[in-house]
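Listed below, chain by chain, are the residues.
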Amino acid sequence: MDGTLPRFDLAGSDLLLALVRGCFVAALLSGLGVPFFRSVIVRHGLGRMAQGETSRLERDLALQLRVSLAAQLVALLLWLALQARAFADASTVVETVSALPRVLTGTQFGHLAVGQAACAAIALVALGRGDRLRRWDGALVAMAVAVILQAGHGHGYAMSEGVGRLSVSDGVHLLCAGAWLGGLGPLLTVLRSAPGPAGAAATRSFSAVALWVVGGLLLSAGYQGWCLVGDLPRLIGTAYGWMVAAKLLILGVLLALAVANRFALTPALDGNRATFARARLLRNVAIEILLGIAALIAAALLSGLPPGIHTQPVWPFALRPSLITVAEDPDLKRAVVQALLILALAVALPALTWPLRRLRWVSALAAAVLAWVAVPDLRLLLVEAYPTSYFESPTGFAAASIARGAELYPGQCAGCHGAFGRGDGPLAGTLPVPPADLTAGHLWEHADGELYWWLAKGIAAPRGGWSMPGFAGRLTDDELWGLIDFVRARNAGSSRQADSSWSPPLQAPGVQASCADGATLSLGDLRGKVVRLVFGPPADAAPVPTIPLGNGMALVTLLVPAADGNAAGEGGACIVSDPAARTAYALVSGLPSESIDGVQFLIDPDGWLRATQARHDDVPAPWDDPRALREAALEICRHPLPRSGGSHAHIHAAD
Amino acid sequence: MTGSTWRGWLLAPIVLAGLLAASSGPAGAHAALKSADPAAGSLLKTAPGAVTLGFSEALEPAFSSIDVVGADGTEADLKDSAGVPGDAKRLTVHLGPLKPGSYTVTWHATSVDTHKTSGSYRFTVTP
């Protein structure tokens, strides 16, 4: 968390390896584009040329393909060697060579590389002299397979463990890139060497196809960007997001050029401005080649960066958009809606009166005045922001993290914030600004990232100095996030004691349970099921571990034995043995840790804490009756909580 | 166009290759640790028989490993890091008998997208 610029962290990725991999992909794409150009784009168009011209052109294209295939094989061998070295952490040539067999036969990377080499060899054989269309078709199929295999090396395939939407999108992206980028070279060849009408026919065909293909590139890039970047803060706050934005911008310009080529320049090739159109077209194609290279370089950098969704975004501005201010106060909400309507009017007015020339200046002036009136109120849509405002807690609100925070709080925070967090610690009086009451509901209006900023960097006092010191030097990141988890858990617990509900809704602290068959379950694994967490010895000797609820839902019981209890699996239910669970759940229910035995919790399929019951003095709790328990679980399923909003905890979908 | 001029365009594929600096796929991303058993920072009453780690991406087990070392530096794992059959995103290593104390788990993961990540965490076995 240093500085406000996202870091370009290419360290750890071998630059030479990246370069060689890029060269292979470039050769692969051009290997697809040349046969695609011959087999699809100018399939019958070459018939307009004289026989000699056609053969010469076909020979040139065949030579281009052979060069590309040779380049592929060379680059692939180099990539294989460098990758083997990276995999095995080898420092000598001998170590690298001895790792090669293991890489070729024992890794997915190796299998794909062998497949791609085979495809290149098949394409070479299929092409022959390149004098028959069928041969080009064969080469095209072989190259298409090689390009699809390249998608297997990508992030989408790795994430979904197989052919998922992201890897299909990756494949589409590569095929489109090859068809288009690889076809630019042959197109340039045809434009420069073939006579006018043939060149025009080829260009017409290419433009029509290019429009679809660049559109496909843009759509697949957009989808991948959405999956791997995720949201606006990550688009502008991570190095990965910047590269994705740059690449999308380039693709947008390419699409615009493709549109111009298809609808403006290509039809003009037959008219009386043919030479002008042809020159313009050549220039556009040259620009497209350069932009294509730029896009590939952006993609290159992307491959060395961790994707946005796995990175904490650094927000670069002092303000950020938020609906918190207007959500609280209906008057403010009205003011903002009013301002938006005025702004809409300010935009619509000049647009509507544009045709009436005489009114243009008047309406422009009116629009400016309206905008000047509206803008101040729109300021309510922005709140103060910090570089870490959009940081997410990496702890997943785990019980272990809450317990870590509970250990640190008395020594680090209680001096000012008080033993119970009410802002009444012994040192509170000495501070320029009173310490915050950490038990107030206001805590939930601040995202984790903001709490992290204040905790790490401190809060400056209005007249100089510090109202709160920064702890980044004293505590590790994990400890800081643990304190935030602890404060949230305790806050939820005290509000629970006060009015018997968790408002806003609270995620259940994460725990891990070991089952009789040796498997381990985390709460995250149980998403989609209702979970009952029982502290202390259960009422009946063998609680049923899983109760089906109909509609594919189930109720799973996890046991947390008492501090001195045995950890044997009773009745097959899975056991949570970490003492942190007792600390965490006692906090969220507002009870002292010693009183947690006999308490049960119900957690809904989305991970929210929904209800709790306690057993007092051997009087059984209502849920100890299986029918009542089932009814309570079904009731919870019938009333799911809204996904967004609620507590801070970011819900990671279990997969 | 003369022969030498358009032959210059033959260099196009090679020039492209030379100017590029990596793959044209979408991300190269990295396998991040998603779940750990035993969990990071946990206190266990019974010594675990194995350490199983779950990652965000499928792994190449041939080049991924987990090492578990006790507080005094002794190796606690049986050096049999392997993938879990049926789940390409999990890695597991079996442990010898563990005495009470603090243990450090260090993992090196190679994703099928060829990128490597590593990390470590501690857990404690209580007497």
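Rules used in this analysis
- Residues numbered from 1 in each chain as written.
- Chains lettered and ligands numbered in written order.
- Predicted model: local features only at pLDDT ≥ 70, side-chain atom pairs only at ≥ 80, totals over all residues.
- Heavy atoms only, no water.
- Helix = DSSP H or I, 4+ residues; strand = E, 2+ residues; numbered from the N terminus.
- Buried < 20%, exposed > 50% of the residue type's maximum accessible area, 1.4 Å probe, protein only.
- Contact = heavy atoms within 4.5 Å.
- Axes fitted to C-alpha atoms, helices over the stretch in contact; angles between N-to-C directions.
- Parallel < 35°, antiparallel > 145°, perpendicular 65-115°, else oblique.
- Nonpolar A, V, L, I, M, F, W, Y, C, P; charged D, E, K, R; others polar.
- Patch = residues over 30% accessible without salt bridge, like charges linked within 9 Å, V, L, I, M, F, W, Y side chains within 5 Å.
- Areas by Shrake-Rupley, 256 points an atom, 1.4 Å probe, with all protein chains shown as cover.
- Salt bridge = Lys/Arg side-chain N within 4 Å of Asp/Glu carboxyl O.
- Core = buried A, V, L, I, M, F, W, Y, C linked by side-chain atoms within 4.5 Å.
- Expected span 1.5 Å × (residues − 1).
- Bend = angle between axes of the 7 residues up to and from the residue.
- Phe/Tyr/Trp six-rings, centres within 6.5 Å; stacked < 30°, edge-to-face > 60°.
- Pairing = 2+ DSSP bridges.
- 1 Å grid on protein atoms, 1.4 Å probe; cavity = no way out; pocket = protein on both sides within 12 Å on 5 of 7 lines; lining within 4 Å.
- Points joined across faces, edges and corners; volume = space filled by probe spheres on them.
- pLDDT = per-residue confidence, 0-100.
- Disulfide = S-S within 2.5 Å.
- Polar contact = N/O pair within 3.5 Å; in protein donor to acceptor, adjacent residues only side chain to side chain.

Visitor: Outline the overall build of chain B, listing residues and values.
Guide: When helices and strands are tallied, chain B shows one helix and eight strands. Order of helices (α) and strands (β) in chain B, N terminus to C terminus: α-β-β-β-β-β-β-β-β. When the 127 residues of chain B are sorted by exposure, 46% land in the buried category. For chain B, contacts bridging at least 24 residues in sequence account for 60% of all contacts bridging at least 6.

Visitor: I'd love a proper account of the packing of helix α15 (residues 399–412) of chain A against helix α19 (residues 580–589) of chain A, names of residues and values included.
Guide: Each pair of packed helices can be described by the angle between their axes along with the distance between the axes. Residue and element names in this part refer to chain A. As a packed pair, α15 and α19 sit with axes 8 Å apart at the nearest point and diverge in direction by 80°. Relative to α19, the element α15 is oriented roughly perpendicular. Residues A399, A400, I402, A403 and A406 of α15 pack against A580, A581, T583, A584 and L587 of α19. Tallied by class, residues from the contact of α15 with α19 come to nine nonpolar, one polar and no charged.

Visitor: Let's hear about a nonpolar patch on the surface: which residues, and what values?
Guide: Residues and elements named next belong to chain A. Taken together, the side chains of L365, V369, W372 and V373 present a nonpolar region at the surface, about 480 Å² in accessible area. Secondary-structure assignment places V373 in helix α14 (residues 360–378). Overall, V373 belongs to the partly exposed group, its relative accessible area being 45%.

Visitor: Which residues make up the nonpolar core, and what values do they have?
Guide: Residue and element names in this part refer to chain A. If you look at the biggest cluster of nonpolar residues, it comprises 70 residues, and the most contacted ones within it are F37, W180 and F206. Listed by contribution, the elements that provide at least two residues to this core are α1 (15–41), α2 (51–88), α4 (108–127), α5 (133–151), α7 (165–193), α8 (196–229), α10 (239–268) and α11 (274–304). Of the residues forming this core, the biggest block, 12 residues, is contributed by α2. Not counting residues within four places of it along the chain, the set of residues in contact with W180 comprises F206, A210, V213, V214, L217, L254, E288 and G292.

Visitor: Could you give an account of α8 of chain A, with specific residues and numbers?
Guide: Residue and element names in this part refer to chain A. Taking 1.5 Å per residue as the helical rise, α8 with its 34 residues ought to reach 50 Å, and the 46 Å between its terminal C-alpha atoms agrees with that figure. Approximately 25° is the largest bend angle found in α8, and it occurs at A210. Looking one or two residues beyond α8, the residue adopting positive phi is G230, at roughly 100°.

Visitor: Go over the pattern of salt bridges with me, naming the residues and quoting the values.
Guide: If the charged atoms of two oppositely charged side chains come close together, the side chains can form a pair. One pass over the full model with this rule turns up 18 salt bridges over all chains. Ionic pairing is found between R129 of chain A and D131 of chain A, a salt bridge with its closest N-O pair at 3.3 Å. A relative accessible area of 39% places D131 of chain A in the partly exposed class. Among the charged side chains, a network of salt bridges with common partners joins D67, E75, D77 and K79 of chain B.

Visitor: Give me the packing of aromatic side chains: which residues, what numbers.
Guide: Across all of its chains, the model carries 19 aromatic pairs over all chains by this definition. Seen from their ring centres, F535 of chain A and F601 of chain A are 5.7 Å apart, and the 75° between their planes marks the pair as edge-to-face. Taken together, the residues span a long stretch of sequence, with F535 of chain A in strand β7 (residues 530–535) and F601 of chain A in strand β11 (residues 599–603) at a distance of 66 residues. Each member of the pair F535 of chain A and F601 of chain A is classed as buried. Members of the aromatic cluster, joined through ring pairs, are F24, W79, F87 and F109 of chain A together with F63 of chain B.

Visitor: Go over the sheet that holds strand β8 (residues 116–125) of chain B, please, and point to the residues and values.
Guide: Residues and elements named next belong to chain B. Reading across the sheet, the four strands line up as β2-β8-β7-β4 and stay open at both edges, with mixed pairing between neighbours. Either end of the sheet is taken by a strand with one partner, and the two such strands are β2 (43–44) and β4 (65–70). Sheet analysis places strand β7 (residues 101–110) next to β8, joined by 10 bridges and oriented antiparallel. Residue pairing in the sheet places Y103 in a bridge with F123 of β8.

Visitor: Talk me through the sheet that holds strand β3 (residues 50–55) of chain B; I want residue IDs and the actual numbers.
Guide: One key point about sheets: their strands pair by backbone hydrogen bonds, in either a parallel or an antiparallel sense. Residues and elements named next belong to chain B. Strands sit in the order β1-β3-β6-β5 across an open sheet of four strands; the sheet is antiparallel. Each edge of the open sheet carries a strand with a single partner, namely β1 (33–37) and β5 (82–84). Going from strand to strand, the sheet's axes swing by 30° on average, the running direction of each strand aside. Two strands pair when backbone bridges link them, and β5 and strand β6 (residues 87–94) are joined in this way by three bridges, in the antiparallel orientation. In the sheet register, G83 faces β6, and the bridge partner there is L91.

Visitor: So what's going on with the layout of surface pockets? Residues and values would help.
Guide: All names here are of chain A. In this structure, the second largest pocket spans a volume of roughly 720 Å³. Along the wall of the second largest pocket there are 32 residues; nearest its centre are H417, A436, L438, I459 and M468. At the level of secondary structure, the elements contributing two or more residues to the lining of the second largest pocket comprise α15, α16 (414–417), α17 (448–457), β3 (459–460), β4 (466–468) and α18 (477–499). Class assignment for the residues of the lining of the second largest pocket results in 24 nonpolar, six polar and two charged.

Visitor: Run through the confidence of the model for chain A, naming residues and quoting values.
Guide: Of all residues in chain A, 93% have pLDDT values of 70 or greater, and the mean over the chain is 85. Throughout residues 645–655 of chain A the model reports pLDDT below 50, and contacts reaching past four residues in sequence, or to other chains, amount to 29 contacts.

Visitor: Explain α15 of chain A residue by residue, including any values.
Guide: Residues and elements named next belong to chain A. With 14 residues, α15 should reach 20 Å at 1.5 Å per residue; the first-to-last C-alpha distance of 20 Å fits that figure. Those residues of α15 that sit buried are A399, A400, S401, I402, A403, G405, L408 and Y409. Buried positions along α15 lie against α16, α18 and α19.

Visitor: Residues and numbers for empty space enclosed by the protein, please.
Guide: All names here are of chain A. Following the criterion strictly, the structure yields six cavities of 30 Å³ or more and no others. What lines the largest cavity is a set of 14 residues, and nearest its centre among them are A177, L217, G292, A295 and L296. Among the elements of the structure, α7, α10 and α11 are those that each provide at least two residues to the lining of the largest cavity. Residue composition of the lining of the largest cavity, by class: 10 nonpolar, three polar and one charged. Computed from the structure, the second largest cavity encloses a volume of approximately 100 Å³. Forming the boundary of the second largest cavity are 11 residues, of which A221, Q224, V244, K247 and L302 lie nearest the centre.

Visitor: Run through the state of the cysteines, naming residues and quoting values.
Guide: All names here are of chain A. Taken as a whole, this structure holds one disulfide over all chains when the rule is applied. The disulfide that involves C515 links it to C574, with 2.0 Å between the sulfurs. Across the disulfide from C515 to C574, rotation about the S-S bond amounts to roughly 100°, and the bridge is consequently right-handed. Within this pair, whereas C515 is found in the loop between β5 (512–514) and β6 (520–522), its partner C574 is found in strand β10 (residues 574–575), the two being separated by 59 residues in sequence.

Visitor: Just give me the short version of the packing of α1 of chain A against α8 of chain A, but keep the residues and values in it.
Guide: Residues and elements named next belong to chain A. Closest axis-to-axis distance for the α1/α8 pair is 11 Å, and the angle between their directions is 105°. Comparing their axes, α8 and α1 come out roughly perpendicular. In this structure, α1 contributes F36, F37 and I41 to the contact, and α8 contributes A202, S205, F206 and V209.

Visitor: Pulling in residues and values, what's your account of unusual backbone geometry?
Guide: Between S503 of chain A and the following residue, P504 of chain A, the backbone shows a cis peptide bond with an omega angle of 5°. Examined against the element boundaries, P504 of chain A turns out to sit in the loop between α18 and β5. In this structure, the amide linkage connecting D37 of chain B to the following residue, P38 of chain B, adopts the cis form with an omega of 5°. Residue position: P38 of chain B is located in the loop between β1 and β2.

Visitor: Summarise the side chain of R234 of chain A; cite the residues concerned and give the values.
Guide: Checked against the element boundaries, R234 of chain A lands in helix α9 (residues 232–237). From its side chain, R234 of chain A meets the backbone oxygen of G308 of chain A in a polar contact 2.8 Å long.

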